[in-house]
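Structural characterization, general
Residue-level listing of the chains:
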There are 4 protein chains.
Amino acid sequence: MPKPRFQRRKEDRPQEITAAAFAAFAEKGYAATRVDEVAKRAGVSKGLLYLYFKTKEELFKAVVRSLVMPRVDALTASIDTTELSAEEFLRGPFLDFVKKLPGSPVSVVIRLLIAEGPKHPDLVQFYWDNVVSRGLATITELLERGVANGEFRRSAVNDMPHLVIMPVVFSVVFKLLFEEQTLDTDKLIETQLELLIAHMKGAAS
Amino acid sequence: MPKPRFQRRKEDRPQEITAAAFAAFAEKGYAATRVDEVAKRAGVSKGLLYLYFKTKEELFKAVVRSLVMPRVDALTASIDTTELSAEEFLRGPFLDFVKKLPGSPVSVVIRLLIAEGPKHPDLVQFYWDNVVSRGLATITELLERGVANGEFRRSAVNDMPHLVIMPVVFSVVFKLLFEEQTLDTDKLIETQLELLIAHMKGAAS
Amino acid sequence: MPKPRFQRRKEDRPQEITAAAFAAFAEKGYAATRVDEVAKRAGVSKGLLYLYFKTKEELFKAVVRSLVMPRVDALTASIDTTELSAEEFLRGPFLDFVKKLPGSPVSVVIRLLIAEGPKHPDLVQFYWDNVVSRGLATITELLERGVANGEFRRSAVNDMPHLVIMPVVFSVVFKLLFEEQTLDTDKLIETQLELLIAHMKGAAS
Amino acid sequence: MPKPRFQRRKEDRPQEITAAAFAAFAEKGYAATRVDEVAKRAGVSKGLLYLYFKTKEELFKAVVRSLVMPRVDALTASIDTTELSAEEFLRGPFLDFVKKLPGSPVSVVIRLLIAEGPKHPDLVQFYWDNVVSRGLATITELLERGVANGEFRRSAVNDMPHLVIMPVVFSVVFKLLFEEQTLDTDKLIETQLELLIAHMKGAAS
DNA sequence: AATGAATGAGTATTCATTCAT
DNA sequence: CATGAATGAATACTCATTCAT
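Worth saying up front: this structure is predicted, and the values here are computed from it rather than measured. (Residues numbered from 1 in each chain as written. Chains lettered and ligands numbered in written order. Predicted model: local features only at pLDDT ≥ 70, side-chain atom pairs only at ≥ 80, totals over all residues. Heavy atoms only, no water.)

**Structural notes on helix α6 (residues 105-116) of chain C**
For an α-helix, 3.6 residues make a turn, and residues three or four places apart therefore share a direction. In this model, α6(C) (12 residues) spans 16 Å end to end at C-alpha, consistent with the 16 Å of a helix rising 1.5 Å per residue. Taking burial as the measure, the 12 residues of α6(C) include 10 buried ones, the bulk of the element. When we look at burial in α6(C), the residues that qualify are C:V106, C:S107, C:V108, C:V109, C:I110, C:R111, C:L112, C:L113, C:I114 and C:E116. Looking at the buried residues of α6(C), the elements they touch are α1 (13-28), α4 (56-81), α7 (121-149) and α9 (162-177) of chain C together with α6 (105-116) and α9 (162-177) of chain D. (Helix = DSSP H or I, 4+ residues; strand = E, 2+ residues; numbered from the N terminus. Expected span 1.5 Å × (residues − 1). Buried < 20%, exposed > 50% of the residue type's maximum accessible area, 1.4 Å probe, protein only. Contact = heavy atoms within 4.5 Å.)

Shown next, in the form of structure tokens:
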């Protein structure tokens with residue numbers, strides 16, 4: 001009896017499992033997802049799954065890590081290396097990146113965090129350290145660069161980079177809850193960005 | 001004389017139970033809250049709880065209803081009857097109201113909705129109809145009044161009342177997730193409101 | 001506020017309750033019938049029901065007693081007072097009586113006894129003493145009268161009066177189980193009776 | 001060395017469980033039997049039981065199937081292959097088979113069917129199709145063979161094979177209810193068979 | 001390494017019975 | 001007498017985790 005021609009290499013297993021887990025969590029949420037289901041989706045036995053992830057919770061954390069880290073890395077790298085002015089970067093790459101978030105896997109992660117956060121403080125901490133905190137820092141840095149360039153005047157926004165991410169989070173949450181209801185999230189994000197840029201470029205208020 | 005084992009207080013029971021349920025849901029989330037726990041907190045037997053609420057789900061819905069409706073009612077009533085100008089209302093009663101939301105029971109409801117929403121579409125619908133939709137309509141109305149008064153010029157904000165609630169939702173979510181991390185939600189909300197008012201009062205952009 | 005014109009006399013209550021209970025038991029069986037349901041059908045509060053019947057089991061027994069006794073009484077009385085010959089009685093009143101049993105309330109009682117009997121030995125005993133035993137004795141007596149009259153010869157049937165009731169019990173059980181399937185129970189009962197009479201009248205076997 | 005906590009015996013489990021379930025049902029009836037009890041009797045965890053049988057109801061059906069089918073199969077096979085005359089077969093193998101039924105597991109199944117039938121119509125249907133209907137057909141066939149052989153004349157019995165099973169059903173029910181009371185079921189069954197054979201062999205009635 | 005049979009603690013819901021009013 | 005609100009014991013079913021094979 002010949003071996004199957006393509007035998008899955010064991011190095012890929014964890015990835016395949018977290019991918020399957022993400023899909024399941026996205027559909028049903030953490031609590032409602034059964035480990036059997038994840039194993040089946042991953043084409044793996046339950047026993048093997050437990051070989052890679054000690055508990056369902058570990059699996060959950062691995063999913064969050066693997067989904068979110070790459071994106072943030074990409075964004076910060078792009079800010080650090082860009083040659084665009086601050087305004088150009090905001091209107092260009094940043095806006096592009098940010099408009100993709102509502103409806104993306106990231107929004108699922110946010111749902112999971114909100115739902116399960118109270119029971120997984122270390123996960124929330126991880127998310128804060130690696131995503132939110134870094135994201136805010138990166139934006140602050142970008143705005144400071146704008147001030148340094150003379151593009152922007154210093155304003156309240158420099159101390160509240162949250163104003164920049166705000167429409168994204170809002171859009172994500174809105175979409176999560178009211179998929180049915182239409183909200184032009186692109187326009188919302190753009191409008192807020194316009195408001196902020198106008199304010200930052202405007203005469204002293 | 002110890003409290004009697006049987007106490008007939010038909011009128012108050014539902015309230016007492018939903019109050020207890022809210023407390024429990026707030027602490028542990030819906031799924032992790034045991035019906036026994038709610039009954040115990042309410043000082044009531046499990047059987048009685050089921051006399052008033054057919055299922056745990058029904059109880060959940062009742063909690064949401066009883067917590068949220070009154071607040072929205074109060075706000076819309078206040079807008080309809082106020083004699084303040086639009087700007088005065090926004091800076092006064094509206095701001096006061098809205099600053100109280102992050103950290104209030106409402107934010108718990110939002111967490112519950114985000115977490116359990118996918119499994120309770122009718123609850124989400126109820127929330128949309130009675131809270132979000134009405135809230136947005138009320139704000140739109142207020143802004144229109146401002147335009148009619150000549151206080152504001154017509155702008156993108158008239159079509160995107162979401163910009164006004166946005167910082168509230170953001171603050172709620174932020175507080176839900178990162179209680180530890182400090183965010184001056186009051187300031188965030190105020191700043192966004194200033195931005196918007198300035199924009200609406202400003203020269204044509 | 002005037003009293004209702006027809007106030008139910010308390011003497012009738014137990015009857016009304018057992019009637020309601022019978023209806024409920026007949027539909028759903030003993031275990032599946034809730035006491036609330038019986039109380040509601042009887043137009044009485046649950047508390048009052050428990051005033052008359054200490055437990056659900058007591059109620060069950062009362063139902064069986066009240067339904068079955070009158071019928072047996074009627075049959076034995078009729079045998080004792082008849083002026084018909086044994087054969088005439090069998091072909092006449094007995095056959096009429098017996099053909100009515102399948103599908104009648106009695107068959108419900110039998111179902112209840114079979115289903116719940118193991119848990120209510122005293123009830124079964126009661127039924128044996130008052131119904132089956134008396135019924136068999138009555139039939140034996142009738143057959144003996146026939147032998148004494150010279151209508152019948154003595155045969156195995158005299159020692160096995162069960163042969164006479166047999167088709168009735170069979171029909172009852174058959175109808176209970178296979179309502180759907182057609183069985184001409186009247187014909188079955190008649191045929192068996194013919195067989196027996198022929199045998200009892202026949203030449204010595 | 002004590003028995004290991006985990007034992008893998010996939011093949012035998014269903015059998016062991018249905019056997020345990022039968023014993024429990026026989027003692028207490030369906031409703032009064034707890035699933036825990038069945039699991040304990042089978043020396044198996046509750047969880048495993050649910051691995052093989054989706055619900056308690058499924059388990060019940062499996063019990064009925066596994067107990068009853070083999071017996072009917074044996075009887076019909078034996079009729080189809082016998083070289084005995086119809087009368088010989090009735091007096092021999094048939095009588096032997098049938099006398100064993102009262103008090104056998106089959107009678108328990110009948111109790112369960114009568115008690116739970118109304119709530120499990122499909123089970124009753126199954127029983128009708130596979131047991132009663134087939135049984136009656138087999139007997140009809142046997143009697144027809146007798147007529148064809150010239151052993152029997154055609155009579156009402158040909159259209160009412162129920163007359164042949166009747167004493168068995170009666171005996172089963174009688175034993176179920178009145179174990180205490182003595183009834184010589186063997187004699188009852190034999191007597192009825194004699195009656196029928198005499199009638200079928202007798203001169204035209 | 002890989003499987004999936006086996007475990008058992010955990011939980012929503014029902015319903016006979018009691019008792020304050 | 002009469003009510004029905006209140007009790008709490010009882011039970012089917014689930015699912016994360018373990019381990020014999």
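**Quick look at the domain arrangement of chain A**
Residue and element names in this part refer to chain A. Each assigned domain of chain A is listed with its residue range as follows: domain 1 (5-60) and domain 2 (68-202). Between the C-alpha centres of domain 1 and domain 2 the distance comes to 30 Å. The interface is formed by eight residues belonging to domain 1 together with seven residues belonging to domain 2. Across the contact surface, domain 1 and domain 2 share zero salt bridges. Here domain 1 is connected to domain 2 by one residue pair in polar contact (both at pLDDT 80 or more). When residues of the side of domain 1 that touches domain 2 are traced back to their parent elements, those giving at least two are α1 (13-28) and α4 (56-81). Element by element, the count of residues in the side of domain 1 that touches domain 2 is highest for α1, at three residues. Class assignment for the residues of the side of domain 1 that touches domain 2 results in six nonpolar, one polar and one charged. (Domains from an automatic or database assignment. Salt bridge = Lys/Arg side-chain N within 4 Å of Asp/Glu carboxyl O. Polar contact = N/O pair within 3.5 Å; in protein donor to acceptor, adjacent residues only side chain to side chain. Nonpolar A, V, L, I, M, F, W, Y, C, P; charged D, E, K, R; others polar.)

**Comments concerning the interface of chain A and chain B**
With 37 residues of chain A in contact, the opposing surface of chain B contributes 37 residues. Each partner contributes to the roughly 3,600 Å² buried at the junction of chain A and chain B, and carbon and sulfur atoms together form 85% of this total. It is A:I114, A:M166 and A:F170 that lose the most area in chain A upon contact with chain B, and together they represent 17% of the buried surface on that side. If you look at where chain A meets chain B, you find zero salt bridges. The interface formed by chain A and chain B contains one residue pair in polar contact (both at pLDDT 80 or more). Sorting the residues of the side of chain A that touches chain B by element identifies α6 (105-116), α7 (121-149), α8 (156-159), α9 (162-177) and α10 (185-201) of chain A as the ones contributing at least two each. (Buried area = accessible area lost by both parts, 1.4 Å probe.)

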